[in-house]
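Reading the structure
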Amino acid sequence: MKKLVIANWKLNPSSLKDAQKLAASISIKAKNKVVLCPPTIYLSNIQYPNIGSQDCFWQEKGAFTGQVSPLMLKDLKIKYSLVGHSEKRGVGETDEMINAKAKALLAQKITPVICIGFGTTVEHDDLEVTDILKSQLDIDLGGLDSSKVIVAYEPVWAIGTGHNATPEHAEKISIFVKTKYKVPTVLYGGSVNLGNAKSFLQQTNVGGLLVGGASLNAKDFNQIINM
Ligand code: 13P
């Protein structure tokens, strides 16, 4: 079955030329569905069938310096937007803000990819992890149609560390989110690479991957999206 693989380029690459080169080198006929999330400043200049934003604001327009609205993203034909990434939660983004952003995105028919897993540690057992995720999702998904969002489970300790969660743990969490919150698609992210991607994609309830570092290497990423 086709899974969803989202590339989160984060604050990379450092020039539009390099970003266009990277996008052009990613297969458009992959086995899995692929979304590229370049930095906001490149969004209007990247050609790829599915483009996502790494973040957005919850207001449509007005006196909000430095922000980008879902209305603007829609104008650029952006179909997805990450919200609640650990790297945003780490600088003060709250679940209430994430909820407002997700609602604003849905109002423009853009799919929110709600990232959860900030605050978890490698020592937590599954019950402790689900308690933390519950406290996030209860607010993140409040008052919105959860069948229209994607959730990405990214245990913060696995992000950029080379220490991925086990595929079995990712599967368990995916089942928890799918059954408790009626979210159709749950992705795993956190140190996904060429060596471990397949083991996550093989899990029945893991709907795909959110890939950081490995998505900047076209050779590796093209293999991951074809697994
Ligand atoms: P890495 O794949 O670099 O660990 O990053 C994961 C991530 O944060 C994707 O959003």
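Our structure is the block above this text.
Conventions used here
Residues numbered from 1 in each chain as written. Predicted model: local features only at pLDDT ≥ 70, side-chain atom pairs only at ≥ 80, totals over all residues. Heavy atoms only, no water. Pairing = 2+ DSSP bridges. Helix = DSSP H or I, 4+ residues; strand = E, 2+ residues; numbered from the N terminus. Near = heavy atom within 4 Å. Polar contact = N/O pair within 3.5 Å; in protein donor to acceptor, adjacent residues only side chain to side chain. Areas by Shrake-Rupley, 256 points an atom, 1.4 Å probe, with all protein chains shown as cover. Expected span 1.5 Å × (residues − 1). Buried < 20%, exposed > 50% of the residue type's maximum accessible area, 1.4 Å probe, protein only. Contact = heavy atoms within 4.5 Å.

Once that is clear, we can look at the sheet that holds strand 6 (residues 150-153). Read across the open sheet, the eight strands follow the order 2-1-8-7-6-5-4-3; overall the sheet is parallel. Here the strands that pair on one side only, and so sit at the sheet edges, are strand 2 (33-37) and strand 3 (52-53). Where strand 6 meets strand 7 (residues 185-189), four bridges bridge the pair, whose relative direction is parallel. Opposite Val151, over in strand 7, you have Val186 as the bridge partner.

To continue, consider the site of the ligand. Near the ligand you find Asn8, Lys10, His85, Glu154, Ala158, Ile159, Gly160, Gly190, Ser191, Leu210, Gly212 and Gly213, and these make up its full shell. At a separation of 3.0 Å, an oxygen atom of the ligand approaches a polar side-chain atom of Asn8. Separating an oxygen atom of the ligand from a backbone N or O atom of Gly213 is a distance of 2.8 Å. Taking 310 Å² as the accessible area of the ligand by itself, protein coverage stands at 94%.

Residue pairs three or four apart in sequence face the same way in an α-helix, which turns once every 3.6 residues. The terminal C-alpha atoms of helix 6 (residues 167-181) lie 21 Å apart, and with 15 residues this matches the ideal 21 Å at 1.5 Å per residue to within 8%. Taken together, the buried positions of helix 6 are occupied by Pro167, His169, Ala170, Glu171, Ile173, Ser174, Phe176, Val177 and Tyr181. Its buried side turned inward, helix 6 meets strand 5 (111-116), helix 5 (126-140), strand 6, strand 7 and helix 7 (197-201).

Limitation: the analysis is restricted to geometry and does not speak to function.
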